[in-house]
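Inside the fold
What follows is the residue order along each chain.
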Amino acid sequence: MSKVTVVGAGNVGATCANVIATREIADEVVLLDIKEGVAEGKMLDIFQTATLMDFDTKLTGVTNDYAATAGSDVVVITSGMPRKPGMTREELIGVNAGIVSSVVENVLKYSPKAIILIISNPMDTMTYLALKKSGLPKNQIFGMGGALDTARFKCYLSKALNANSNEIEGMVIGGHGDTTMIPLAGKAAYKGIPVTELLSKEELDKVVADTMVGGATLTKLLGTSAWYAPGAAAAYVVESIIRDQKKVIVSCTALDGEYGQKDICIGVPAVIGKNGVEKILSLNLTADEKALFEKSAEAVRKTNAVLKEINAL
Ligand SMILES: NC(=O)c1ccc[n+]([C@@H]2O[C@H](COP(=O)([O-])OP(=O)(O)OC[C@H]3O[C@@H](n4cnc5c(N)ncnc54)[C@H](O)[C@@H]3O)[C@@H](O)[C@H]2O)c1
Ligand SMILES: O=C(O)C[C@H](O)C(=O)O
């Protein structure tokens with residue numbers, strides 16, 4: 001029996017729970033929120049699609065009742081404030097640091113062995129905070145950003161190439177921020193053909209720029225940040241853990257010398273299986289890509305430093 005808890009029954013959390021349920025990724029999904037009745041209502045609503053969508057995942061919604069989450073294999077943390085148009089993710093640190101810290105503490109009381117996936121923004125810094133506060137081994141707690149950014153990169157590449165996005169290879173490493181993410185255009189390919197041979201420099205630069213502000217573009221259109229792709233990206237990572245698929249997914253994980261970095265959580269390609277982050281893959285980065293990664297890490301470190309200033313760490 002596999003059990004997944006999603007904390008935060010807002011846009012991203014409910015979407016993630018819905019994808020896990022409809023795709024039967026886990027036997028049981030618990031959705032938890034502090035807002036009275038919201039998680040219960042959303043899980044009842046999803047349950048009422050079971051006969052229409054043909055799934056039989058067990059679904060439970062609870063208001064702040066962590067006992068119901070006991071024995072979870074995976075816990076996805078989406079609780080926290082989303083940004084509004086014009087804001088950066090980093091501006092959410094003051095509100096979300098307290099929420100993420102208290103949620104991680106509560107989760108571990110009932111599921112000390114769960115693999116914990118951080119979604120709340122600023123995600124790289126929230127992952128660092130959760131890792132430091134929990135004292136968990138680094139494989140057990142990591143963040144999702146790269147799965148989403150990579151999906152967006154493939155989406156924009158598919159538009160530029162007029163090709164099926166499922167036939168495109170590519171990844172986005174670095175921080176999950178408007179200026180910190182690094183779409184690796186030089187390593188992306190369509191059916192083995194480097195996209196650098198298929199698109200002009202201008203076209204490729206536009207794909208990279210659109211990918212980097214992918215979240216901001218949607219926030220402007222929607223008035224709050226996105227949820228369909230973020231929820232599906234979180235469920236994609238959960239699936240690799242629950243089914244021990246060992247997919248290589250760019251994940252925000254603690255580095256200990258890899259990519260020349262220490263004491264930081266940032267996006268790098270990693271093998272994701274039943275033990276969480278099972279291996280970090282070492283990419284052969286060009287000098288330019290290395291420089292971008294260093295700049296990205298520097299920016300993430302700057303945001304991490306704010307945790308001390310606001311007494312969150
Ligand atoms: N990492 C990513 O790729 C990614 C993608 C999308 C969104 N996000 C982030 O995820 C977070 C959630 O976004 P959203 O659009 O779902 O927001 P939302 O406002 O729709 O939902 C957030 C939910 O968290 C709940 N919550 C707040 N404090 C809580 C607590 N202490 N315990 C339990 N629940 C609590 C709220 O009641 C709300 O229902 C935001 O911080 C957003 O920036 C990250
Ligand atoms: O853009 C945001 O603030 C939410 C999320 O990080 C995203 O990329 O969709």
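Residues numbered from 1 in each chain as written. Chains lettered and ligands numbered in written order. Predicted model: local features only at pLDDT ≥ 70, side-chain atom pairs only at ≥ 80, totals over all residues.

- Looking at an unreviewed UniProt entry, the protein carries the name Malate dehydrogenase, with the source organism given as Alistipes indistinctus YIT 12060.
- Per UniProt, the protein has the following entry under Function (unreviewed entry): "Catalyzes the reversible oxidation of malate to oxaloacetate." (UniProt positions renumbered as here; feature names shortened; annotations may be inferred.)

Let's talk about the nonpolar core
- The biggest cluster of nonpolar side chains holds 92 residues, and the ones touching the most others in it are Val76, Leu117 and Val238.
- Sorting elements by how many residues they give to this core places helix H9 (residues 228-242) first, with nine residues.
- Residue contributions to this core reach at least three from each of two domains, namely domain 1 (3-145) and domain 2 (146-309).
- Sequence-distant contacts of Val76, defined by excluding residues within four places in its chain, comprise Val4, Val6, Val7, Cys16, Leu117, Ile119, Ala234 and Val238. (Core = buried A, V, L, I, M, F, W, Y, C linked by C-beta atoms within 7 Å. Buried ≥ 20, exposed ≤ 12 C-beta atoms within 10 Å, placed from the backbone. Helix = DSSP H or I, 4+ residues; strand = E, 2+ residues; numbered from the N terminus. Domains from an automatic or database assignment. Contact = placed C-beta atoms within 7 Å.)

A closer look at the site of ligand 2
- What surrounds ligand 2 is the set Arg83, Arg89, Asn121, Leu148, His176, Gly215, Thr219, Ser225, Ala226 and Pro230.
- In terms of residue class, the shell around ligand 2 is built from three nonpolar, five polar and two charged.
- When residues of the shell around ligand 2 are sorted by domain, at least three fall in each of domain 1 (3-145) and domain 2 (146-309). (Near = placed C-beta within 6 Å. Nonpolar A, V, L, I, M, F, W, Y, C, P; charged D, E, K, R; others polar.)

Points about helix H10 (residues 287-309)
- Look at H10: 34 Å from first C-alpha to last across 23 residues, which is about the 33 Å you get at 1.5 Å a residue.
- Along H10, the residues that are buried comprise Phe293, Ser296, Ala297, Val300, Thr303 and Asn304.
- Remark: Asn311 follows H10 within two positions and exhibits a positive phi of approximately 60°. (Expected span 1.5 Å × (residues − 1).)

Examining the sheet that holds strand S10 (residues 189-190)
- Ordered in space as S7-S10-S11, the three strands form an open sheet in which the pairing is antiparallel. The strands lining the two open edges of the sheet, one partner per strand, are strand S7 (168-169) and strand S11 (193-194).
- As paired strands, S10 and S11 are joined by two bridges and run antiparallel to one another. Counterpart to Ala189 in the pairing with S11 is Pro194. (Pairing = 2+ DSSP bridges.)

A word on the domain arrangement of the protein
- Taken as a whole, the protein is organised into domain 1 (3-145) and domain 2 (146-309).
- Computed from C-alpha atoms alone, the centre-to-centre distance between domain 1 and domain 2 is 21 Å.
- At the junction of the two partners, domain 1 supplies 39 residues and domain 2 supplies 43 residues.
- Taken together, the elements giving at least two residues each to the side of domain 1 that touches domain 2 come down to helix H1 (11-22), strand S4 (74-77), helix H4 (93-110), strand S5 (115-118), helix H5 (123-134) and strand S6 (141-143).
- Broken down by element, the residue count for the side of domain 1 that touches domain 2 peaks at seven residues, all from H5.

Considerations on the UniProt feature "domain: Lactate/malate dehydrogenase N-terminal" (unreviewed entry) in the protein
- The UniProt record annotates "domain: Lactate/malate dehydrogenase N-terminal" (unreviewed entry) at residues 3-143.
- Within residues 3-143, the helical portion is 40% and the strand portion 20%, while the C-alpha atoms at the span's ends are 19 Å from each other.

Let's talk about the site of ligand 1
- Neighbouring ligand 1 are 36 residues, the closest being Gly10, Val12, Ser79, Asn121 and Pro230.
- For the shell around ligand 1, the elements supplying multiple residues, two or more each, are H1, strand S2 (28-33) and H4.
- It is H4 that contributes the most residues to the shell around ligand 1, four residues altogether.
- Among the residues making up the shell around ligand 1, the classes are represented as 18 nonpolar, 15 polar and three charged.
- Residue contributions to the shell around ligand 1 reach at least three from each of two domains, namely domain 1 (3-145) and domain 2 (146-309).

Looking at the packing of H4 against H5
- Packing of H4 against H5 leaves a shortest axis separation of 10 Å and a crossing angle of 40°. In terms of orientation, H4 and H5 fall into the oblique class. The handedness of the crossing between H4 and H5 is right-handed. Where H4 abuts H5, its residues Ile93, Asn96, Ala97, Val100, Ser101, Val104 and Leu108 lie against Thr125, Met126, Leu129, Ala130, Lys133 and Ser134.
- For the contact of H4 with H5, a count of residues per class yields eight nonpolar, four polar and one charged. (Axes fitted to C-alpha atoms, helices over the stretch in contact; angles between N-to-C directions. Parallel < 35°, antiparallel > 145°, perpendicular 65-115°, else oblique. Left-handed = near helix turned anticlockwise from the far one by under 90°.)

Considering the UniProt feature "domain: Lactate/malate dehydrogenase C-terminal" (unreviewed entry) in the protein
- The residues that UniProt annotates with the feature "domain: Lactate/malate dehydrogenase C-terminal" (unreviewed entry) are residues 148-302.
- End C-alpha atoms of residues 148-302 are separated by 23 Å, and the span's content is 43% helix alongside 25% strand.

Considering unusual backbone geometry
- At the junction of Asn121 and Pro122, the peptide bond is cis and its omega measures out at -5° in the coordinates.
- Mapped onto the elements of the fold, Pro122 is located in the loop between S5 and H5.
- The phi dihedral of Asp54 is positive, around 60°, even though this residue is not glycine.
- Its location among the elements puts Asp54 in the loop between helix H3 (50-53) and strand S3 (58-63).
- Taking the number of C-beta atoms within 10 Å as the measure of exposure, Asp54 has 9 and is therefore exposed.

Overview of the pairing of strand S1 (residues 3-7)
- Most of S1 is tucked away, with five of its five residues classed as buried.
- By the alternation rule, side chains of S1 split into Lys3, Thr5 and Val7 and Val4 and Val6, which are all buried.
- Here five bridges tie S1 to S2, and the two strands are oriented parallel to one another. Residue Val7 lies in a different strand from S2, and its bridge partner there is Leu32.
- Remark: the S1/H1/S2 crossover connection has right-handed handedness.
- Alignment of S1 against S4, held across four bridges, turns out to be parallel. The residue bridging Val6 from the neighbouring strand is Val76, located in S4. (Right-handed = clockwise from strand over helix to strand, strands pointing away.)

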